[in-house]
Amino acid sequence: MNNKIRKLANRDLKVNKKRNRLTVISIVISVFLIGVVIPLCSSFYGYMLKEMKISGEEVMTVAFGNKVNTLNYKYLTLYTDKDVELIRNSEGVKSATGVKGFSADEITYDGGKQIITSTLYGIDKEYLDNMGFNIEYGEMPTDDNSALIGASIHSSTKLNIGDIFQVTINGEVKDFKVVGIIEHQEEQAYNTLPAEINQMIAVNNTCKYVADSKYGYVSAIASDVKDLEKISQNICENLKKDSDLTNALDGTGLEPIVASRKDVKDMLSNWFNYITLFIIGIVALIGVIASVNIINIFSVTIQEKHKDIAVYKIVGATNKQVRSIYIIQSIYLGFKGSIIGTLLSILVSSVLIISFGWSLVPNIFLYSASFIVGIVISFLAGCMVSKKTDSIDVNVLMNE
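Below: a short report on this structure. (Residues numbered from 1 in each chain as written. Predicted model: local features only at pLDDT ≥ 70, side-chain atom pairs only at ≥ 80, totals over all residues. Heavy atoms only, no water.)

**Overview of the overall build of the protein chain**
The line we're drawing: Runs of H or I in DSSP of at least four residues are treated as helices and runs of E of at least two as strands, each being numbered from the N terminus. Note that the radius of gyration is over C-alpha atoms, with the globule rule given as 2.2 Å times the number of residues to the power 0.38. For each residue, the accessible area found with a 1.4 Å probe, counting protein chains only, is set against the maximum for its type, and the residue is called buried under 20%, exposed over 50%, and partly exposed in between. When checking whether two residues touch, look at their non-hydrogen atoms; a contact exists if any pair is within 4.5 Å. Here the accessible surface of atoms and residues is derived via Shrake-Rupley with a 1.4 Å probe, and residues count as covered only by protein chains that are part of the display. We count Lys and Arg on the positive side and Asp and Glu on the negative side, and we leave His and both chain ends out. Taken as the charge centre is NZ of Lys, CZ of Arg, CG of Asp or CD of Glu, depending on the residue.
Per the secondary structure count, the protein chain includes 13 helices and 13 strands. For 400 residues, the compact-globule formula gives about 21 Å, and the C-alpha radius of gyration of the protein chain, at 34 Å, lies well above that figure. Overall size of the protein chain, expressed as C-alpha extent along the three principal axes, is 115 × 45 × 30 Å. For the protein chain, buried positions account for 45% of its 400 residues. For the protein chain, restricting intrachain contacts to residue pairs at least 6 apart in sequence, the fraction spanning at least 24 positions comes to 79%. For the protein chain, the exposed surface amounts to about 20800 Å²; the carbon and sulfur share of it is 56%. Here the protein chain holds 39 positive side-chain charges and 41 negative ones, and the gap between their average locations is 22 Å.

**Let's talk about helix α10 (residues 306-314)**
Applied cut-off: Note that the arc is defined by the directions from the helix axis to the C-beta atoms.
Here α10 has its buried residues at I309, A310, Y312 and K313. All buried residues of α10 project into a common sector of 155° when viewed along the axis, lining one side. Directly after α10, the chain includes G316, whose backbone phi takes a positive value near 110°.

**So, the packing of aromatic side chains**
As a reminder, the rule being used: Stacked, tilted and edge-to-face are the three classes applied to pairs of Phe, Tyr and Trp rings, where Trp contributes its six-membered ring and a pair requires centres within 6.5 Å; stacked means planes under 30 degrees apart, edge-to-face means over 60, and tilted covers the rest.
According to the stated counting rule, one finds nine aromatic pairs in the structure shown. Taking 4.4 Å as the distance between ring centres and 20° as the angle between the ring planes, the aromatic pair formed by Y75 and Y217 counts as stacked. Here Y75 is found in the loop between β2 (69-74) and α3 (81-88), whereas its partner Y217 is found in strand β12 (residues 215-222), with 142 residues between them in sequence. The exposure class of Y217 is buried, given its relative accessible area of 7%. Ring centres 4.9 Å apart and planes at 50° place the aromatic pair F356 and W358 in the tilted group.

**Comments concerning helix α11 (residues 319-356)**
Because each turn of an α-helix spans 3.6 residues, side chains separated by three or four positions in sequence point in the same direction. Note the following rule: Expected helix span is computed as 1.5 Å times (number of residues minus one).
Taking 1.5 Å of rise per residue, the 38 residues of α11 would be expected to cover 56 Å, and the 53 Å separating its terminal C-alpha atoms lies within 8% of that figure. Count one or two residues on from α11 and you reach G357, which has phi positive near 80°.

**Re unusual backbone geometry**
A positive phi angle, near 65°, is found at K158, a position not held by glycine. Located in the positive-phi region is N170, a residue other than glycine, with phi close to 50°. Relative to the helices and strands, N170 resides in the loop between β9 (164-169) and β10 (172-182).

**Description of the side chain of S349**
Filter applied, for reference: The term polar contact refers here to a pair of N or O atoms within 3.5 Å; inside protein, the definition further demands a hydrogen-donor-capable atom paired with an acceptor-capable atom, and it admits residues adjacent in sequence only when both atoms are side-chain atoms.
With respect to the helices and strands, the residue S349 is situated in helix α11. Under the relative-accessibility criterion, S349 is labelled buried at 0%. Side-chain polar atoms of S349 contact the backbone oxygen of I346, separated by 3.3 Å. The contacts of S349, once residues within four sequence positions are left out, are G35, V36, P39, L40 and Y367.

**A look at the pairing of β9**
Quick reminder of the rule: Two strands pair under a simple rule: DSSP has to find at least two bridges between them.
Along β9, five of the six residues are buried, which leaves the element largely enclosed by surrounding structure. Across four bridges, strand β4 (residues 106-109) lies against β9 in antiparallel orientation. Looking across to β9, one finds that Y109 is bridged to F165. One ladder, built from six bridges, connects β9 with β10; its direction is antiparallel. Within β10, the residue paired with I164 across the bridge is K177. Between the antiparallel neighbours β9 and β10 lie two residues, among them N170 with a positive phi of about 50°.

**Section: the pattern of salt bridges**
Heads up, the condition is: In what follows, salt bridge is the name for a side-chain nitrogen of Lys or Arg lying within 4 Å of a carboxyl oxygen of Asp or Glu.
A full pass over the atoms with the stated rule returns five salt bridges. When the shortest N-O distance is used, the salt bridge between E172 and K174 registers 2.7 Å. A salt bridge links E237 to K240; the shortest N-O distance between them is 3.3 Å.

**Overview of the environment of L344**
With respect to the element layout, L344 can be found in helix α11. In this view, L344 contacts V28 and F32; residues no more than four positions away in its chain are not counted.

**So, the side chain of T168**
Following the sequence through the fold, T168 ends up in strand β9. With residues near it in sequence (within four places) discarded, T168 still touches A104, D105, E106 and V173.

**Regarding the pairing of strand β11 (residues 201-204)**
Note: strand β6 (residues 119-123) against β11, three bridges, orientation parallel. The residue bridging I123 from the neighbouring strand is N204, located in β11. Where strand β8 (residues 146-149) lies against β11, two bridges are found, and the strand directions are antiparallel. Bridge pairing in β11 places L148 opposite A202.

**Focus: the environment of E186**
The topology assignment puts E186 in the loop between β10 and α6 (193-198). It is 65 Å that separates the C-alpha atoms of E186 and E304, two residues lying 118 residues apart in sequence.

**A look at the packing of α11 against helix α12 (residues 364-386)**
Definition in use: Lines fitted to C-alpha atoms define the axes, with helix axes restricted to the stretch in contact, and inter-axis angles between N-to-C directions lie between 0 and 180 degrees. Roughly parallel here means an angle under 35 degrees, roughly antiparallel means over 145, roughly perpendicular means 65 to 115, and every remaining angle is called oblique. The hand of a helix crossing depends on one turn: near helix anticlockwise from the far one by less than a right angle means left-handed, and clockwise means right-handed. Amino acids outside the nonpolar list (Ala, Val, Leu, Ile, Met, Phe, Trp, Tyr, Cys, Pro) and the charged list (Asp, Glu, Lys, Arg) are all regarded as polar, and Gly is one of them.
Two elements in contact, α11 and α12, have axes separated by 8 Å at closest approach and are oriented at 155°. Taken together, α11 and α12 sit at an angle that is classed as roughly antiparallel. The way α11 lies across α12 gives a crossing that is right-handed. Counted by class, the contact of α11 with α12 contains eleven nonpolar, twelve polar and one charged residues.

Everything listed here is a matter of coordinates, which is why it stays silent on function.
So, in structure tokens, the structure goes:
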């Protein structure tokens, strides 16, 4: 009997080619829309993470702001060597180093040509290592009149290793020698740090010109990324021991805060939770529309076939067997439409992702999700509409 049911289903599919084509198109459109939206959102999420990444998850930035939003922080030259030591001694902190800033009157080269920055930054090798920055050429400055320059400074001024530039400090001109060039950092849409590093002129933070300067922020390394929240609390608690820092911040609404890449991921995750709900709503809406179309088309088919259905029942077919004919048809059409829709969505979404410059990461699960949705909505629609065959009365055919 199962073989006969399949033959009857195939016969009806061949008879109603035009109507079945409309059903397939409805499924193709539904699967295509779902299959394009999901990969695009996933790729955009990965793009956002990439654009906000400049260091490992274990790197913590200790700056100033509000704990309600640790990513909205600012640099203030308030941290001292004492504060760096307090951070370094906090439980769970592997290492810590700060960045100093010193404003010069001006910085020039080649007989008076001005460099766009007038700030000398005091850093050490530990800071470069923490943040994942490499010295492409040369070495770390060690004396008072040697400096590192960023890649943008190097390309715009043509200063190379061994060249001299001038820094005017309190009206007095000092010669500085380029001893190292920092590797170029790729620009990021949502992170200004790469651009700042490319424009940086840095001396060793033991240099006499920045020795008395305070740190704008401190970079620390967590011993275990799983305990970032606890380690952050330890750092903030330790910094309260510096009464000078506490007094300086009193009444400003600012406090020491710790930001990490985990905060970025958490923020993006919260955003995309809402987007995910929106996508689920879209998928549900598309599923409902597709189901309604399939039900309407099959309803017309069943209405036209009521005499055939009555005959099936006269010769002994049960309601379940009759329903199976239309369920098989819906599964076949759903499979066909889902295959076409999935292939089209893979092609179109891949082209869009590449054209947007996002990362194209093939994900079988994302594309199979739209395929499965197409099969499921077709099957459910087939189950729902096939119940209409139960109400077809054999006596009606006998009377006719």
